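Given next are the chains, with one letter for each unit.
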Amino acid sequence: LNLSRSGMLLQGTPRLDPGQAFDFELQLPDASPMINGEAEVVRQCNPAREYSRGLGTRFLSLTEEDRNHIGYLVNETQRRQQVDGAAVFANGPQA
């Protein structure tokens, strides 16, 4: 799962076509309440580009609170990755 405030990239064998809407439930790793919403398939993944099969989606229905919570988690993940990357860069390549 690749998640953003606007949608998600789902891995697996595509069973929906672009333009199809579907309901979803999503449990985030921070033990927050279940997120429920509706999304639309916008594309099928290109395995040569993304190294996996799946679907690119956009959220159609999601509460503002859930969208903000997703945004917060995405920003925190990116911040941690930048800090971890900076630490590796500062310490040099690991053997």
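Residues numbered from 1 in each chain as written. Predicted model: local features only at pLDDT ≥ 70, side-chain atom pairs only at ≥ 80, totals over all residues. Heavy atoms only, no water.

**Digging into the pairing of strand 4 (residues 35-44)**
To keep things clear, this is the line we draw: When DSSP locates at least two bridges between a pair of strands, those strands are taken to pair. Numbering of helices and strands runs from the N terminus, with a helix taken as a DSSP run of H or I at least four residues long and a strand as a DSSP run of E at least two residues long.
Pairing of strand 3 (residues 21-26) with strand 4 involves six bridges; the strand directions are antiparallel. Opposite Glu-25, over in strand 4, you have Asn-36 as the bridge partner. Strand direction decides the pairing type here: strand 4 and strand 5 (residues 54-61), joined by six bridges, are antiparallel. Along strand 5, the bridge assignment pairs Glu-40 with Arg-58.

**Re the side chain of Asp-66**
Heads up, the condition is: Three labels apply to residues, based on accessible area from a 1.4 Å probe with only protein chains included: buried if under 20% of the type maximum, exposed if over 50%, partly exposed otherwise in between. Positive charge is attributed to Lys and Arg, negative charge to Asp and Glu, and no charge count is given to His or to the chain ends. Each salt bridge in this description consists of a side-chain nitrogen of Lys or Arg and a carboxyl oxygen of Asp or Glu lying within 4 Å of one another. Residue contacts are counted whenever heavy atoms from the two residues lie within 4.5 Å of one another.
By the secondary structure assignment, Asp-66 is in helix 2 (residues 64-91). Here Asp-66 is buried and forms no salt bridge, its nearest opposite-charge partner Arg-67 lying at an N-O distance of 9.2 Å. Leave out the neighbours within four places in its chain, and Asp-66 touches Ile-35 and Asn-36.

**Here's the deal with the confidence of the model for the protein chain**
Reading predicted coordinates in detail is not appropriate for stretches of low pLDDT. The criterion, for reference: One confidence number per residue, pLDDT, is output by the predictor and ranges from 0 to 100.
On average, residues of the protein chain carry a pLDDT of 84, and 87% of them reach 70 or more. The secondary structure element of the protein chain with the lowest average pLDDT is helix 2, at 77, and the one with the highest is strand 4, at 95. Contacts from residues 87-91, a stretch scored under 50 in pLDDT, to residues over four places away or in other chains number one contact.

**Side note on the layout of surface pockets**
Rules: Cavity and pocket criteria rest on a 1 Å grid covering protein atoms alone: a 1.4 Å probe that fits but cannot get out defines a cavity, protein on both sides within 12 Å along at least 5 of 7 lines defines an open pocket, and an atom within 4 Å of a point defines a lining residue. Grid points are joined across faces, edges and corners, and a volume is the space filled by probe spheres set on the points. Think of it as three bins: nonpolar holds Ala, Val, Leu, Ile, Met, Phe, Trp, Tyr, Cys and Pro, charged holds Asp, Glu, Lys and Arg, and polar takes everything else, Gly as well.
Looking at the largest pocket, its volume works out to about 290 Å³. Taken together, 14 residues line the largest pocket, and the ones lying closest to its centre are Leu-3, Pro-29, Leu-73, Val-74 and Thr-77. Broken down by secondary-structure element, the contributors of at least two residues to the lining of the largest pocket are strand 1 (2-3) and helix 2. The biggest single contributor to the lining of the largest pocket is helix 2, with seven residues. Per-class residue counts for the lining of the largest pocket are seven nonpolar, four polar and three charged.

**A closer look at the pattern of salt bridges**
Opposite charge on two side chains makes pairing possible when the charged atoms of those side chains draw close. Tallied over the entire structure, the rule returns three salt bridges. With a closest N to O distance of 3.9 Å, Arg-5 and Glu-64 form a salt bridge. Here the residue Arg-5 occupies a position in the loop between strand 1 and strand 2 (7-11), and Glu-64 occupies one in helix 2, the gap between them amounting to 59 residues. Judged by relative accessible area, Glu-64 falls into the partly exposed class, the value being 48%. For the salt bridge of Arg-79 with Glu-76, the shortest nitrogen-to-oxygen distance reads 3.0 Å. Of the two residues, Arg-79 and Glu-76 are both situated in helix 2; the distance of three residues between them amounts to about one turn of the helix. The class for Glu-76 is buried, based on a relative accessible area of 18%.

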